[in-house]
Structures are given as C-alpha cells and as structure tokens.
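Observations on the model geometry
The primary structure of each chain is shown beneath.
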Amino acid sequence: MTLKPGSTAWLLRHEARLKYRGMSGTSRAWTLGLLGLLFMGLLAAGVPMGMLLNHVEGTPTRALLLWSSAGLLLLFTLMVSQTLFSSAMAFYARRDLDLLLSSPIPASRVLAARCLALAANACLIPLFLVTPPALTVAALGHPAWLSAPVLIGGLGLLAATVGLWLAMGLFATLGPQRTRTASQVLSAMAGAAFFLASQARNWLPSEQAAAVKARLDALQASPALAPGSPLIWPAEALLGGIGSALLIATASAVLFALTVTVLGRRFAANAAAGAGRDAVARPARGGAAAFSNGAFRATVRKELRLLQRDPALMSQVLLRLLYLLPLLLLLLREGGEGQGGALAPLAAAITFMTGMLAGSLAWVTSATEEAPDLLVSSPSRPGLLRRAKLTAALVPVALIVALPVGFVITRFPQAGLALGLSCAGAGLSAGLIAVWLSKPGRRAEFNKRRHGSWLLNVVQTLVDGLWAGAAYLGVAFGLGWLVLVAAIAAAVTAVFRRPAPVYAY
Amino acid sequence: MTSEAAPALVVSGLRKQFGTKQAVNDLDLTVRAGELYALLGPNGAGKTTSLRMVAGLLKPDAGTISIFGADLGREPARAKQVVSWVPDEPMLYDKLTALEQLDFVAGLWGVESKQARARAEQLLRWLDLWDNRNQRCESFSRGMKQKAALAAALIHQPQLLILDEPLTGLDAAAARQVKDLLQARVRDGATVILTTHILEVAERLADRIGIIQGGRLLAQGTLDELQDTAGGGRTTLEDVFLGLTGVPSPLAGVEAA
C-alpha cells in the first residue's frame, strides 16, 4: 500500500517499522510465532464465553461492575505510566526527531503520529488479549461485546493524552534533564502503588486494615458507584455496553485531537530544548577531590561516580526495591511485636531481592564499559579491573541491605546472622555471575540486558533462588541448614566461572 | 632527536588479517626515540590497525612489536606502561568531569596521586580546560573532548604517544594547541606517532614520514628523502604521497583534454 509521504499514516508506518526493527531477528520470529498461537487460543477461548453468555440474562451485577472498574483503573494507570515515560522519551529520541522537525511536515502532525504510536503501544497488549475472544463472542450472537476493544482503544488514546500533558508539566517544572528520570520514577511508582495497595492487608496493623476495609465497603455502597453512574460507564462498556464504549472512545479521541493541536508547537520547542541539554555545562559535585592511588581504587571510584550520575538508570535498578517495601513493613511489624513467625519467608524474599539488585548493578558496572580500549591499553591487569567493577556494584547493595539485616540482628541475632550471611552470599554470587556471563551492552539497554542470554537468566534465577532457600532454612531451622544450601549455591556459582577477559596482551 | 638511543618502536613482520582482507601485511617499521613520526596512507591502508596492535588493543597474526626494548607480547605491562593511545574518537566517560577523567587514567597507570593532581592541573591549564575541569565531559564540544582525551593520555608522561587522526573535528585554535603540545612533548624527549589525512600537518610537524598502503610500508624518511625516493621532480608531500600510492590526480584527465 502506498501512503502519501508526510501524511500522519505515513509517519505512523515509520514508527511501526522502527518498533518492529527494534526487535532482534531471533526474538522477532519467536514473538510472531507465539503471538500467532496465542491469537488462535484466545479466539477459541471466546467459544465457552459466548456459550456462557447464552445462559446469562439481565445486566451485570454491582459487584462485577465494581471489580471490573477496579481492574480498568489499574489498566488505565499502567497505560498512563507507560505513555508518560514514552512521552518524556520522545523529547530525547533525537536522531529522527531532528530530521522530522527540520522537514516541512507540521510539528503538530509529527506529534500526532508519535502520540498515536504511544497510544497504540500502551493499549496493544490489552487490545490483543481482548479482541479475539470479543470477535468470537460477537460471532456467537453477542455483537455488543465488541464494546470491549472499542473501550480499550479509547482508554489508550486517553492515556496518551494524560501522559503527554504530564510530560509537558514535568518538562515545564523540572526542565529537560530531569523529565526523563522523573517520568521513569513516577511511572514505576504507579505500578508499585497498586502492588503496595493490594498487599495492604498483609502489612497494615490489623486495626488499620479493618478500618480500611470498612471505608472500602462504604465506598462500594455509595451512589457514585451505582450502575448507570458515569464512574461505572467504563465497566459497563467493558461488559457489553456498546453505547458507553462509543461515548468514551469518541470523547477520548476528541481530547486527544485537542491536545495534539494545542501542544504541537510546544512539543517542537521542548524537543529543541531536549536536544540542547548536553550542551549545558554541568558542574559535578565533589569533582575536585584528591586523586586516587592505584588502578583498583580509581576504578571503584569511577564506577561509583558513574552510577551516582545516572539517575535514570539507578531509578530503574532501585525502583524494584519498592516491591520490597511491604515485606519490610511486615518485618517491622513482626519485629515490633516481638514475633518471628514470618521471618523465614521474609528473609528469603530479602535475599532474593539482594541477588537481583547485585546482578543488575554488576551488569551495569562490568558490561557497559564506555571506554574499553582505554582499559585494554593500560598496564592494569584485567582481573584487577574486574574485581574493582564487582566491588563498585556491591557497595550500594551492601548499604541498602544493611538496614533490614541490622534490624533483624538487633531483634533476633541468630536469624539476623543467617540473613546477613545469605544476603552477602547472594550478592556476591549474583555479581560474579553477571560479571562472568554478561555480554557487553549499553546502559540505555538495561531493560533488555537479559534478552538473548538465556544462560544468564537461568543461572541468575537459580542461584538467587538457592540463596533465598538458604536464608529460609537458616532462619527457620538453624545455621547448619544454611551452610548446606549455601555450599550448593556456591558450587553452582563456581561452575560458571569465566577467566578474566582476554586482552590482546 | 638522538639517533644513537634505543628505538622507541620496532615493528617487524607484522601481519593482521580480517576475514579475507589482509589489513597489515609484513609491516616493518622503526621509529626512533624522540622523533615525531607521521604515518600516512589512503583510507583502508592499515594505519589504524597497525597502531591498534602497537597500543596492545589487537593481537597480530604474526610479527613482533618492541617498545623501548620491551617486547609487547612477552612483557605487555612493561610495554604499555610507557605508551598512550589517543584514537580519533576520544575515550572519555561522559558523566565524569575532566579532572575525574584524568584521576581515573592516572590510577590505571599507577601515577602517585599528588603527582597526578599536579600534572592534571598543568595539562588542563595548558590546554585551556582548567576552568572547565569540574564540568562533565558530556557538555564538552568536540574540540574540548579531544583536548581532554589528550590531557588524560599525557597524565602518566608516556614516552611513546600514539595518536590516530588527532586533529579531526578541531577548530583552528584547538588544532594549534594540540600541535604545540605535541611538539613540546617531543622537545621534552617523548616520541610521537600520529596518523593524519592532512598532509600539511605531517609536512610541517613530522621529523620523518612513513607511507603505508595495502598494509605494507611503501617508503619512509624525511620529506627530502621521500622526494628523492619518489623522483620525477615531485616537490610537495602531496605529490610524493600521490605518486607513491599511485592515486591519480582527479584532474589529470581534464588537464590532458
């Protein structure tokens, strides 16, 4: 199909092509194959759903509508967080933006295409999951259920609109340099907030949990959440309310178009400001400190500085610790109440997270070296440089893990010792495995670091799991058990030892 | 220049093949201590590959490299200790400041910290980067990056400095600073080997010039010696270079017509 050059559709095809080419050849083939199979399965899944609907009469119950609303709220929040991050990235994806914005194509059209791509990206997965069964259900005599994909498409447009406004707000408030990091933190926190809320019953003290439950019950009974209320329209649209779905999709499309029109020029200005960010001189804190003595110390210091000065990357690495928060709150509750019943699973979870964190940071310090030729041309020994990089990765991990370990030691000394030992082992094992098995990459590829390296994935998960098991057994049954499993974990780690990188000399 | 002193670099029988392409083919090269040696050649002649092998970044398929008497294959640490490599793309960490960059490189070469700090100040002042010492390299212009990389390369006072296209992308003022610095290093007794496409630079700076093509050294010597070798009344280095490498003048056909 020939598209008119410079049209929105033509720009969209450009975006789609870039996205498609972004996948590696192997993963592209696998992904397409799996998606094909999944599509067929989802089409088939529509058959029992359609047959079930033949026996269901009347409108959806209030409870079903409320649960659907909660699910849609979660989905919409995740979509917004994704489009917020992607919108902010759009200001930094400079290579083609320079070209596009210097062309005679209106900036508003460039923005429209990019935002449509953001919306499509945000709703692609839910749309893919919802559309095939909806098609089957429609074919079996329930065409109103086509409302679900219409609703998802509308939510995608609305999420892109909200994400774009938020990104613009961040840009105006924080400037181009911090927008990307802030959007990353906000989008990750949105996901983590739902996780924290879903775990509230576990980590809140029992009286407070009961109070929250009572408030939620009262909220469910409020007229604002009664069937027919505007707040319930999305849930009704999801469950066959084609009128509500069309209304939401149309309103979203109008808002999206208005946003694109209003923000077009500002988008171009922001993109230009984003491009100039590197030209702004940035004094560094603590830059004039005394010089290092020796290659090991110089390398550790260099790596720590690089970690500290990449807040976007560090937020990616550290935000997963948010998921540890409920565990820590539970730990505080258990410790505060002088009980140790849940300590063993908590110790296992903390140990597992320690391994994950150490593996991530070790990948950053060892696999993303920016000036490998500088190191190779130096007289420093490769093994020494590798140890320095591993040390730099483990320093922040030790500082973070010291908090829960210190707390447990003060309350339950033996359990604290077991936790400390297993965390140390997990950190060291995961770090070593990352140093030994990681392939060179770029910091910007952090989220893709495990693509194409199944061995690294499997070994890292296995070793993290073994150390978590050691922590569980050590806390629950004593240090003897910890030593036994720790020996297995250490042996597995040692199997994957690789010699220091082979330099030319 | 001290012709009696041990050579800074002796390369003999050096070979490197990439797939079916013979990048470096039995290269023999001797660079005297204390001279500025320019290695010239057309694109793909094997200049960078040869120098990367000398810097210890690539292992040759055959041949030996000796740096101030230290065999790079047998005593790599000793050989590397006296060499600095400055590629055309500066080896810098974007998120480090100029001063931190020098701190790190000094650490890699084991320079004592007080000494390194003093040298860093001297070098950065010399290259007009002292006021920018606490700025991250990501904010530097191309010329500033190149100068910062050069300062880092000099922090351990290498006896042999190897530069690949050091003047690429520099404005006139920055290019002059770099050239002055290289000449000053040679006056202080260091040896400099550089590659360049700007023949006037080689003509003005170099004590001796080597011309390489197809991975082989076609000729080497002073400009006068090269003119004699090329013969045919060739007076400029450009004439000599084009004559030796066999690249015809683009206007030859036009003149004939």
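Residues numbered from 1 in each chain as written. Chains lettered and ligands numbered in written order. Predicted model: local features only at pLDDT ≥ 70, side-chain atom pairs only at ≥ 80, totals over all residues. Heavy atoms only, no water.

Let us now look at the overall build of chain B. Within chain B, the secondary structure is distributed over 10 helices and 10 strands. Against the 2.2 N^0.38 benchmark of 18 Å for 257 residues, chain B shows a C-alpha radius of gyration of 19 Å, consistent with a compact globule. Based on the C-alpha atoms only, the size of chain B along its principal axes is roughly 60 × 45 × 40 Å. In chain B, which comprises 257 residues, the share counted as buried stands at 55%. In chain B, 70% of the contacts between residues at least 6 apart in sequence involve partners at least 24 apart. If you sum the accessible surface of chain B, you get close to 10,600 Å²; carbon and sulfur atoms cover 47% of it. Averaged over its 28 positive side-chain charges, chain B has a centre that lies 6 Å from the centre of its 31 negative ones. (Helix = DSSP H or I, 4+ residues; strand = E, 2+ residues; numbered from the N terminus. Rg over C-alpha atoms; globule rule 2.2 N^0.38 Å. Buried < 20%, exposed > 50% of the residue type's maximum accessible area, 1.4 Å probe, protein only. Contact = heavy atoms within 4.5 Å. Areas by Shrake-Rupley, 256 points an atom, 1.4 Å probe, with all protein chains shown as cover. Lys, Arg positive; Asp, Glu negative; His and termini not counted. Charge placed at Lys NZ, Arg CZ, Asp CG, Glu CD.)

Here we take up the confidence of the model for chain B. Residue and element names in this part refer to chain B. For chain B, the average pLDDT comes to 89, and 93% of its residues sit at 70 or higher. Below pLDDT 50 for its whole length, residues 253-257 participates in zero contacts with residues either more than four positions away or in separate chains. Overall fold confidence (pTM) sits at 0.75, and the ipTM for the predicted complex is 0.82. (pLDDT = per-residue confidence, 0-100.)

The next subject is the packing of aromatic side chains. Going through the model one piece at a time under the given rule, you end up with two aromatic pairs over all chains. Residues A:Phe39 and A:Phe128 carry aromatic rings whose centres are separated by 6.1 Å and whose planes lie at 45 degrees to one another, so their mutual orientation is tilted. Of this pair, A:Phe39 sits in helix 2 (residues 25-54) while A:Phe128 sits in helix 5 (residues 107-139), placing them 89 residues apart in sequence. We classify A:Phe39 as partly exposed; its relative accessible area is 30%. With 5.5 Å between their ring centres and 80 degrees between their planes, B:Tyr93 and B:Phe104 make a pair best called edge-to-face. Placement of B:Tyr93 in the loop between strand 6 (83-86) and helix 3 (98-108) and of B:Phe104 in helix 3 is noted, with a sequence separation of 11 residues between them. Side by side, B:Tyr93 and B:Phe104 carry an identical accessibility label, which is buried. The residue whose ring lies beneath B:Arg133 is B:Trp130, and the NZ or CZ to ring-centre distance is 4.0 Å. (Phe/Tyr/Trp six-rings, centres within 6.5 Å; stacked < 30°, edge-to-face > 60°. Lys NZ or Arg CZ within 6 Å of the ring centre and 35° of its normal.)

A word on the pattern of salt bridges. Any two side chains of opposite charge can pair, given that their charged atoms come close. Enumeration according to the criterion identifies 22 salt bridges over all chains in this entry. With a closest N to O distance of 3.8 Å, B:Asp103 and A:Arg301 form a salt bridge. Note that B:Asp103 is positioned in helix 3 and A:Arg301 in helix 12 (residues 295-308), a pairing that runs across two chains. Among the residues examined, B:Asp103 registers a relative accessible area of 3% and is labelled buried. Residue classification places A:Arg301 among the partly exposed residues on the basis of a relative accessible area of 23%. Its salt-bridge partner being B:Arg185, residue B:Asp188 comes within 4.0 Å of it at the nearest N-O pair. (Salt bridge = Lys/Arg side-chain N within 4 Å of Asp/Glu carboxyl O.)

Residue and element names in this part refer to chain B. Pairing is mixed in the open sheet, where six strands are placed in the order 6-7-8-3-9-10. Whereas interior strands pair on both sides, the edge strands pair on one side only; in this sheet they are strand 6 and strand 10 (216-221). The sheet shows a mean angle of 15 degrees between the axes of neighbouring strands, taken without regard to direction. In the sheet, strand 6 pairs with strand 7 (residues 160-164) via four bridges, with the strands oriented parallel. Across the sheet, residue Trp85 finds its bridge partner in strand 7, namely Ile162. Contacts from helix 1 (residues 47-54) reach strand 3 (36-40), strand 6, strand 7, strand 8 (191-195) and strand 9 (208-213) within the one sheet, and its direction differs from that of strand 7 by about 150 degrees. Where helix 6 (residues 172-187) meets the sheet, its contacts fall on strand 3, strand 7 and strand 8, and the angle it forms with strand 8 comes to roughly 145 degrees. (Pairing = 2+ DSSP bridges. Axes fitted to C-alpha atoms, helices over the stretch in contact; angles between N-to-C directions.)

With that settled, the discussion passes to the interface of chain A and chain B. If you look at the interface, chain A gives 38 residues, while chain B gives 44 residues. Carbon and sulfur atoms supply 60% of the area buried between chain A and chain B, which totals about 3,700 Å² over both sides. At the surface where chain A touches chain B, the tally comes to five salt bridges. B:Arg52 serves as the salt-bridge partner of A:Asp373, at 2.9 Å between the closest nitrogen and oxygen. Taken together, the links from chain A to chain B amount to 12 residue pairs in polar contact (both at pLDDT 80 or more). With seven residues, helix 12 of chain A is the single largest residue contributor to the side of chain A that touches chain B. (Buried area = accessible area lost by both parts, 1.4 Å probe. Polar contact = N/O pair within 3.5 Å; in protein donor to acceptor, adjacent residues only side chain to side chain.)

Residue and element names in this part refer to chain A. Taken as a whole, the second largest pocket holds about 1,400 Å³ of empty space. As for the second largest pocket, its lining consists of 34 residues, of which Leu66, Ser69, Ala70, Leu73 and Leu216 are closest to the centre. Among the elements of the structure, helix 3 (62-90), helix 6 (147-174), helix 7 (176-198), helix 8 (200-203), helix 9 (206-220), helix 10 (233-238) and helix 11 (242-275) are those that each provide at least two residues to the lining of the second largest pocket. No other element matches helix 3, which puts 10 residues into the lining of the second largest pocket. Of the residues contributing to the lining of the second largest pocket, the split by class is 26 nonpolar, five polar and three charged. (1 Å grid on protein atoms, 1.4 Å probe; cavity = no way out; pocket = protein on both sides within 12 Å on 5 of 7 lines; lining within 4 Å. Points joined across faces, edges and corners; volume = space filled by probe spheres on them. Nonpolar A, V, L, I, M, F, W, Y, C, P; charged D, E, K, R; others polar.)

All names here are of chain B. Taken together, the four strands give an open sheet; going across it, the order is 2-1-4-5, and neighbouring strands pair in antiparallel fashion. Sheet topology places strand 2 (21-31) and strand 5 (70-71) at the edges, where each strand pairs with a single neighbour. Here two bridges tie strand 4 (residues 62-67) to strand 5, and the two strands are oriented antiparallel to one another. Looking at the pairing, Ser66 lines up with Asp71 of strand 5. Docked against the sheet, helix 1 engages strand 1 (9-18), strand 2 and strand 4, running at close to 120 degrees with respect to strand 1.

Next up on the list: the domain arrangement of chain A. Residues and elements named next belong to chain A. Its domain assignment divides chain A into domain 1 (8-16 + 61-277) and domain 2 (298-504). Between domain 1 and domain 2, the contact holds 15 residues from the first and 12 residues from the second. Of the roughly 1,200 Å² buried between domain 1 and domain 2 on both sides combined, carbon and sulfur atoms contribute 72%. Taken together, domain 1 and domain 2 are joined by zero salt bridges. Counting across the domain 1 and domain 2 interface gives zero residue pairs in polar contact (both at pLDDT 80 or more). For the side of domain 1 that touches domain 2, the elements supplying multiple residues, two or more each, are helix 7 and helix 8. In terms of residue count, the dominant contributor to the side of domain 1 that touches domain 2 is helix 7 (10 residues). A per-class count over the side of domain 1 that touches domain 2 returns nine nonpolar, five polar and one charged. (Domains from an automatic or database assignment.)

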